[in-house]
Amino acid sequence: MAAKESGEKLIALNKKARHLYEFLEKFEAGMVLVGSEVKSLRAGRISFKDGYVKFQGDEAFLIGVHIAPYENAGDFGHEPERPRKLLLHAGEIHGLRTKVEQKGLTVVPLRLYFKNGRAKVEIALVRGKKVYDRRDDLKSRDLARDAARELARH
C-alpha cells in the first residue's frame, strides 16, 4: 500500500476572480468526481472560465468549470463541463443560498487543490466590482510598484 499524500497541492488558481470581484466569505468544499476527472486534475488540465456555484434543492453544484477529458480513459471518460456536486454542510449551503437570493451576490470558485489526496475547491461569496473600483485597484498597485522600485534604487 502506498502512503497517503499529506498537505496541499495546488492544481489551479482563478486569477480573474481577484480582478472582477470583492471577496466577502470563503469556504472549502469537496467535489463529487469520476476517476477520469481526477486523472485530468492531477495533470493540471482545468479551466475556470465562467465558473460559478448554482443551488438546486438542498445541494450546490459547480457549473461552467472545464476539466479536459483524460486521453487514456477510453469509453469511460467524462463530459468536460458537466455540473459537479459540491460537498458542503447543509447549514453552509442554506446560508450561501440565502445571501445569494437576498443580496444579489454570487459564489465563484477561487482555487482547486488536493488536500490529503482529496480534490477540494475553495469557493467565495463575492460581489462584483464596479469598473471604477477596478481602475482604483490598478492605480494603487502601480503606485506601490513604483514606490518599491524607488526604494530599491536608493
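### Structural notes on the overall build of the protein chain
Looking only at helices and strands, the protein chain features four helices and nine strands. Walking the protein chain from its N terminus toward its C terminus, one meets helices and strands in the order β-α-β-α-β-β-β-β-β-α-β-β-α. Across the 154 residues that make up the protein chain, the buried fraction comes to 33%. Contacts in the protein chain between residues at least 24 apart in sequence constitute 68% of all its contacts with a sequence separation of at least 6. Computed over 31 positive and 22 negative side-chain charges, the inter-centroid distance for the protein chain is 2 Å.

### Focus: unusual backbone geometry
A positive phi is found at Lys49, a non-glycine position, where the angle reads about 35 degrees. With respect to the secondary-structure elements, Lys49 resides in the loop between β3 (46–47) and β4 (52–56).

### Remarks on the packing of aromatic side chains
For the structure on display, the rule yields zero aromatic pairs. Over the ring of Tyr113 we find Arg111, and its NZ or CZ is 4.2 Å from the ring centre.

Criteria and thresholds
Residues numbered from 1 in each chain as written. Predicted model: local features only at pLDDT ≥ 70, side-chain atom pairs only at ≥ 80, totals over all residues. Heavy atoms only, no water. Helix = DSSP H or I, 4+ residues; strand = E, 2+ residues; numbered from the N terminus. Buried < 20%, exposed > 50% of the residue type's maximum accessible area, 1.4 Å probe, protein only. Contact = heavy atoms within 4.5 Å. Lys, Arg positive; Asp, Glu negative; His and termini not counted. Charge placed at Lys NZ, Arg CZ, Asp CG, Glu CD. Phe/Tyr/Trp six-rings, centres within 6.5 Å; stacked < 30°, edge-to-face > 60°. Lys NZ or Arg CZ within 6 Å of the ring centre and 35° of its normal.

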